[in-house]
Amino acid sequence: MKRLVICEKPSAAKSIASALGVTSGADGCFDGNGYLITWCIGHLVGLADAAAYDPKYKKWRYDDLPILPAPFRYEVAPEKAAQFHVLKKLMECEDVTELVNACDAGREGELIFRLVYEMAGCNKPFSRLWISSMEDSAIREGFQSLRPGREYDSLYQSALCRQKADWLIGINATRLFSVLYHRTLNVGRVQTPTLAMLAEREKNISLFRKEKYHHVRLTLDGVEAVSEKFADKEKAEAVKNACVQSAVICASVVREQKKDNPPKLYDLTTLQREANRIFGYTAKQVLEYAQSLYEKKLLTYPRTDSQYLTDDMLPTAESLVSGLWPMLPFAAGLDLSPQFGRVLNSKKVSDHHAIVPTMEFVQRGFDGLTEGEKKLLSLVCCKLLCAVAAPHVYEAVTATFTCAGNTFTAKGKTILTPGWKELDRRFKASFKTDADDTAPEPAQELPKITEGQTFDKVTAAVTEHFTTPPKSYTEDTLLSAMERAGADDLPEDAERQGLGTPATRASILEKLVQMGFVERKGKQLLPTKDGHNLACVLPEALTSPQLTAQWETELTAIAKGQADPEGFMAGIAEMTRGLIANY
């Protein structure tokens, strides 16, 4: 009797076969030790196109809308039919008594397996492999604690709802607005609000009118004190002239010890954002590098929305940090007294813990990796070390001065404990990155000043400044905006998933670029003329991030068994009918 293990990709099947000691392979699977291990090639089964329901849908006509299939039909992707038949044949083998869903441990991995299982007409029992690392030890441990497959029915329902909702909105809205405007206008549940955010930002930039303002700056014995803003240059000049002839008195000196706590570990979105900011990588590149490192057993599962490790991972975290410390040149010579409490919190880990290197990486190092993989892995290593390092402690000094009836302020900063920021600084210096080119100038140390101190020799000057427009989105800032989209309109305790999920945001951005609605200019993402036009003609129901952010919250609730899939789909169908009726 054998277990049939179905993986998402050939590389995963190879890793699992190796971990389980299955060495012989033929006919699209590995065979041995009571296991048959095979693979999908991503999504083998998907929703049928509209024309599969009725030949009339081959033409796009307003009178045929809305298209609301009941039930939905599925089909095997033609180019992947051979692999589907391999899986179906293996499922039908008499000596296969049960299956293991070993597709990626997330919503889409669940969907990939279930659709193949349903399409093949299989009714054999199946269990679920749920792991966060492709290391041999993690795989073997996962097989020791397989879960009943039916425990993930709610996750499957959530995935089905996501897939059907995207089909309904995509097919109907694309046909509707393409027919109305006599050109192809691709509409998507998540991509359209994302495009609208880009277009809105560029509109605000183009409408921005810069305004001039002035500061009066006093230089007193190595201290620069700055006035409030003056819109009127003549008033600023008058203040300057009055100060040149007057004494300056220190009215107050406030010293305050402050600390910047270490950062959290990476989830996928924060990793994509920082890799874009530091190395200029696109979200898609980051996901590809991370997935490759995961399959090489050097990085934990990348498609995660958690920034913590589970409480029982303390020994792993300790081993990782002690192993990484001597491997990384930028950490050499620094004293580290790691504090692990801040990175451990089981309550804040959902499907997968934060992204960290594996012990396999500690043993193997960077050998054989591409430049992109090396940089990304270095970034993840640095984040883990920073997260357990000491806080950055400094003394902030604010001195207030009066002169000729006006108030001036000088700020200073004295670093008491460099902490994690020294690690971060060294890491960036080692890669000669310009990541901090937009960071504010660091405050300087102030010389010793006492309250009531008088300064007679004063140099005064007026400086001219302009208000600055909002900045165009980069992938870093857009991913952040997508993550927060709609949050202000959701209840306080809602799951704030924003636009898309960590696993899908990269593909959404790529799709907008491929369709010609968005272009890259350096690190910036800018809507094209077509992108602007599309965002302008579509109704708020399709461009509002609040709506699809609410949907993601509902999909998360469905995955947890806390919401009704049928009710969700009824709402999507009602919205589709409303779109057709109103436009």
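Our structure's up above, just so we're on the same page.
Keep in mind the model is a prediction, meaning the values are calculated, not measured.

What counts, and where the lines are drawn
Residues numbered from 1 in each chain as written. Predicted model: local features only at pLDDT ≥ 70, side-chain atom pairs only at ≥ 80, totals over all residues. Heavy atoms only, no water. Patch = residues over 30% accessible without salt bridge, like charges linked within 9 Å, V, L, I, M, F, W, Y side chains within 5 Å. Areas by Shrake-Rupley, 256 points an atom, 1.4 Å probe, with all protein chains shown as cover. Salt bridge = Lys/Arg side-chain N within 4 Å of Asp/Glu carboxyl O. Helix = DSSP H or I, 4+ residues; strand = E, 2+ residues; numbered from the N terminus. Buried < 20%, exposed > 50% of the residue type's maximum accessible area, 1.4 Å probe, protein only. Pairing = 2+ DSSP bridges. 1 Å grid on protein atoms, 1.4 Å probe; cavity = no way out; pocket = protein on both sides within 12 Å on 5 of 7 lines; lining within 4 Å. Points joined across faces, edges and corners; volume = space filled by probe spheres on them. Nonpolar A, V, L, I, M, F, W, Y, C, P; charged D, E, K, R; others polar. Axes fitted to C-alpha atoms, helices over the stretch in contact; angles between N-to-C directions. Parallel < 35°, antiparallel > 145°, perpendicular 65-115°, else oblique. Contact = heavy atoms within 4.5 Å.

## Concerning a nonpolar patch on the surface
- Taken together, the side chains of Leu180, Tyr181 and Tyr583 define a hydrophobic patch exposed on the protein surface, amounting to about 290 Å² of accessible area.
- Tracing the sequence through the fold places Tyr181 in helix α5 (residues 153-181).
- On the basis of relative accessible area, Tyr181 is assigned to the partly exposed category, the value being 40%.

## Things to note about the pairing of strand β12 (residues 248-260)
- Strand direction decides the pairing type here: β12 and strand β15 (residues 454-455), joined by two bridges, are antiparallel. Its bridge partner lying in β15, Val248 is registered against Phe455.
- Note that β12 and strand β13 (residues 392-403) share 11 bridges and pair antiparallel. The residue bridging Val253 from the neighbouring strand is Ala399, located in β13.

## Describing the pairing of strand β1 (residues 2-7)
- Relative to strand β7 (residues 96-102), β1 runs parallel, the two being bridged by six bridges. Counterpart to Leu4 in the pairing with β7 is Leu99.
- Where β1 and strand β4 (residues 35-39) come together, five bridges link them in parallel fashion. What sits directly across from Cys7, in β4, is Trp39.

## Brief notes about empty space enclosed by the protein
- Within this structure, the stated rule accounts for three cavities of 30 Å³ or more.
- Looking at the largest cavity, the residues that line it are Ala12, Ile16, Ala102, Cys103, Asp104, Ala105, Leu129, Trp130, Ile131, Met134, Tyr294 and Tyr301.
- Looking at the lining of the largest cavity, its residues break down into 11 nonpolar, no polar and one charged.
- Estimates place the volume of the second largest cavity at around 60 Å³.
- Taken together, Ile169, Gly188, Arg189, Pro193, Ala541, Leu542, Ser544, Leu547, Thr548, Trp551 and Met575 form the lining of the second largest cavity.

## Details of the packing of helix α3 (residues 107-119) against α5
- In contact at an axis separation of 9 Å, α3 and α5 are set at 90 degrees when each is read in the N-to-C sense. Relative to α5, the element α3 is oriented roughly perpendicular. Seen from α3, the contacting residues are Arg107, Glu108, Glu110, Leu111, Arg114, Leu115 and Glu118; seen from α5, they are Asp153, Leu155, Tyr156, Ser158, Ala159, Leu160, Arg162 and Gln163.
- Taken together, the residues that form the contact of α3 with α5 break down as six nonpolar, two polar and seven charged.

## A word on the packing of helix α1 (residues 10-19) against helix α4 (residues 136-144)
- Relative orientation of the contacting elements α1 and α4 amounts to 80 degrees, with a least axis distance of 9 Å. With respect to their mutual orientation, α1 and α4 come out roughly perpendicular. Counted together, Ser15, Ile16, Ser18 and Ala19 of α1 and Asp136, Ile139, Arg140 and Phe143 of α4 form the full contact between these two elements.
- Each residue belonging to the contact of α1 with α4 can be placed in one class, and the counts come to four nonpolar, two polar and two charged.

## Some words on the sheet that holds strand β2 (residues 24-26)
- Strand order in the open sheet made by the seven strands is β2-β3-β4-β1-β7-β8-β9, with mixed pairing throughout. Strand pairing shows two members of the sheet lacking a second neighbour, β2 and β9 (147-148), which therefore form its edges.
- Looking at chain direction, strand β3 (residues 29-32) and β4 are connected through three bridges and run antiparallel. Pairing of Asp31 across the sheet is with Leu36, part of β4.

## Quick word on the environment of Asn186
- If you trace the backbone, Asn186 turns up in the loop between α5 and α6 (191-207).
- The exposure class of Asn186 is partly exposed, given its relative accessible area of 28%.
- In contact with Asn186, not counting residues within four places along its chain, are Thr174, Gln191, Thr192, Met515, Phe517 and Leu534.

Take it as geometry only, folks, not as evidence of what the structure does.
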